[in-house]
Amino acid sequence: MAQTKKILLVDDSQIFLMGLRMAFQAADWVDGIYEARNSEQALKMLEQNDDISLAIIDVCLEKRADGLELLREIKDKHPGVKMLVLSQYKNPDFICRAIVSGANAYIAKDSEADVIVSASKNVADGCCIFFGDTISKDLLTRLFGNADNIRNGKPHQLSVQELAVLQYAASGYGNTQIASVMNISSNTVESYKERIKNKLGYDTIIECVAFAVSNGLISFKD
């Protein structure tokens, strides 16, 4: 049986929070749900409950002008907690800032409930890239892939296995799923990702994916 997770839902809308809770209560991989209406409550919940492994966050919170600050605080104080951002904003700059601030995924708030739940499971399992329909291939490469990236990268250094890991990551697979389809351990998947980042000279897998897409090494699944 797959490992279950405890999650934190952060949203200042009681109605939306209720809808999220109902959606996640039906998910068999969730065995505990915490809720917060603002940043202060969210940080307090994380301090009091060290078993939370995933936070689903609307960063446009009423009591804090820049909700991205909450992402940065969680990343700094609770680095083991994965974060999925739900937002009404589809502005490329805001998406980029959220990822840089520590978000593991960014999904439009008007996405279907099953898409949000599925994406959350992928993130909880170790996926570092998931945008649903919020961001396209072209926008991804504009945000994270540019001419300098294409010139400086060395795609010939990537092995077949490493390219496969990048392809699965671009398709939204988490570490556990990649390990299963490639018949390797999750630790080996993480080792491949570290080698990929070292070879291409980037800090994150999302930048490596953008480079690989820009160079035609893999295809991004919209």
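All chains use their own residue numbering, which begins from 1 and follows the written sequence. Restriction of local features to residues with pLDDT of at least 70 applies here, the model being predicted, together with a cutoff of 80 or more for giving and counting side-chain atom pairs; totals for whole chains, interfaces and linings are based on all residues. For the side-chain quantities, the full set of heavy atoms in the structure was used; hydrogens and water were omitted.

1. Some details on the sheet that holds strand β3 (residues 52-58)
Pairing within the open sheet is parallel, and its five strands lie in the order β2-β1-β3-β4-β5. The strands lining the two open edges of the sheet, one partner per strand, are β2 (30-36) and β5 (105-108). Mean inter-strand twist for the sheet, computed between neighbouring axes without regard to direction, equals 20 degrees. Two strands pair if DSSP finds at least two bridges between them. Numbering of helices and strands starts at the N terminus; helices are DSSP runs of H or I of at least 4 residues and strands are runs of E of at least 2. With five bridges joining them, strand β1 (residues 5-10) and β3 adopt parallel strand pairing. Directly across from leucine 8, in β3, lies its bridge partner alanine 55. Lines fitted to C-alpha atoms define the axes here, with helix axes fitted over just the stretch in contact, and angles between the N-to-C directions of these axes take values from 0 to 180 degrees.

2. What about the packing of aromatic side chains?
Each Phe, Tyr or Trp ring, with Trp reduced to its six-membered ring, pairs with another whose centre is within 6.5 Å; inter-plane angles below 30 degrees give stacked pairs, above 60 give edge-to-face pairs, and intermediate values give tilted ones. Under the defined criterion, the tally for this structure stands at two aromatic pairs. Measuring from ring centre to ring centre gives 6.2 Å for phenylalanine 24 and tryptophan 29, while their planes differ by 85 degrees; the resulting arrangement is edge-to-face. Across the pair, exposure class does not vary: phenylalanine 24 and tryptophan 29 are buried alike. Look at tyrosine 168 and tyrosine 173: their rings are 5.1 Å apart centre to centre, the planes differ by 40 degrees, and that puts the pair in the tilted class. Only protein chains enter the area calculation, which uses a 1.4 Å probe; residues under 20% of their type maximum are buried, those over 50% are exposed, and those in between are partly exposed.

3. Focus: helix α5 (residues 113-124)
Multiplying 1.5 Å by the helix residue count minus one yields the expected span of that helix. Compared with the 16 Å implied by 1.5 Å per residue over 12 residues, the 16 Å span of α5 between its first and last C-alpha is a close match. Listed in full, the buried residues belonging to α5 are Ile116, Val117, Ala119, Ser120, Asn122, Val123 and Ala124. Looking one or two residues beyond α5, the residue adopting positive phi is glycine 126, at roughly 115 degrees.

4. Structural notes on the environment of threonine 188
Within the secondary structure, threonine 188 is located in helix α10 (residues 186-200). Residues threonine 188 and isoleucine 178, 10 residues apart in the sequence, show an inter-C-alpha distance of 10.0 Å.

5. Focus on the confidence of the model for the chain
Confidence of the predictor at the level of single residues is captured by pLDDT, which takes values from 0 to 100. Averaged over every residue, the pLDDT of the chain is 80; the share at 70 or more is 79%. In the model of the chain, helix α7 (residues 147-152) stands out as the element of lowest mean pLDDT, 46, in contrast to β1, which has the highest, 95. In what follows, a contact means two residues having at least one pair of non-hydrogen atoms within 4.5 Å. In this model, residues 149-153 is a region of pLDDT below 50 whose contacts with residues beyond four sequence positions or in other chains number seven contacts.

6. Notes on the packing of helix α1 (residues 14-25) against α5
At a minimum axis distance of 10 Å, the contact between α1 and α5 shows a crossing angle of 65 degrees. As α1 packs across α5, the resulting crossing turns out to be right-handed. Two secondary-structure elements touch here, α1 through Leu20, Ala23 and Phe24 and α5 through Ala113, Ile116, Val117 and Ser120. Here the residues of the contact of α1 with α5 are counted per class, giving six nonpolar, one polar and no charged. In a left-handed crossing the near helix is turned counterclockwise from the far helix by less than a right angle, and in a right-handed crossing that turn is clockwise. Any residue that is not Ala, Val, Leu, Ile, Met, Phe, Trp, Tyr, Cys, Pro, Asp, Glu, Lys or Arg is counted as polar, Gly included; the first ten are nonpolar and the last four charged.

7. Here's the deal with the packing of helix α8 (residues 160-170) against α10
For the pair α8 and α10, the least separation of the axes is 10 Å and the interaxial angle reads 100 degrees. Comparing the axis directions of α8 and α10 gives the class roughly perpendicular. Between α8 and α10, the contacting residues are Gln161, Glu162, Val165 and Leu166 on the first element and Tyr192, Lys193, Arg195, Ile196 and Lys199 on the second. When its residues are assigned to classes, the contact of α8 with α10 shows four nonpolar, one polar and four charged. When an angle is under 35 degrees it counts as roughly parallel; over 145 it counts as roughly antiparallel; between 65 and 115 it counts as roughly perpendicular; any other value is oblique.

8. What about the nonpolar core?
Generally speaking, soluble globular proteins have nonpolar side chains that are buried together. Only buried residues count toward a nonpolar core, which is a set of Ala, Val, Leu, Ile, Met, Phe, Trp, Tyr and Cys residues joined through side-chain atoms within 4.5 Å. Grouped together as the largest cluster of nonpolar side chains are 26 residues, with contacts concentrated most on Leu8, Val10, Ile57, Leu70, Leu71 and Ile74. Only β1, β2, α2 (39-48), β3, α3 (68-77), β4 (82-87) and α4 (92-100) provide two or more residues apiece to this core. Not counting the four nearest positions on each side in its chain, leucine 71 is found in contact with Ile57, Val59, Met83, Val85, Ala98, Ser101 and Ala103. Among the nonpolar cores identified, the runner-up in size contains 20 residues, and Leu158, Ala179, Ile205 and Cys208 belong to it.

9. With respect to the environment of aspartate 28
With respect to the helices, strands and loops of the structure, aspartate 28 is situated in the loop between α1 and β2. Judged by its relative accessible area of 64%, aspartate 28 falls in the exposed class. Along the backbone, aspartate 28 and threonine 4 are 24 residues apart, and their C-alpha atoms lie at a distance of 7.6 Å.

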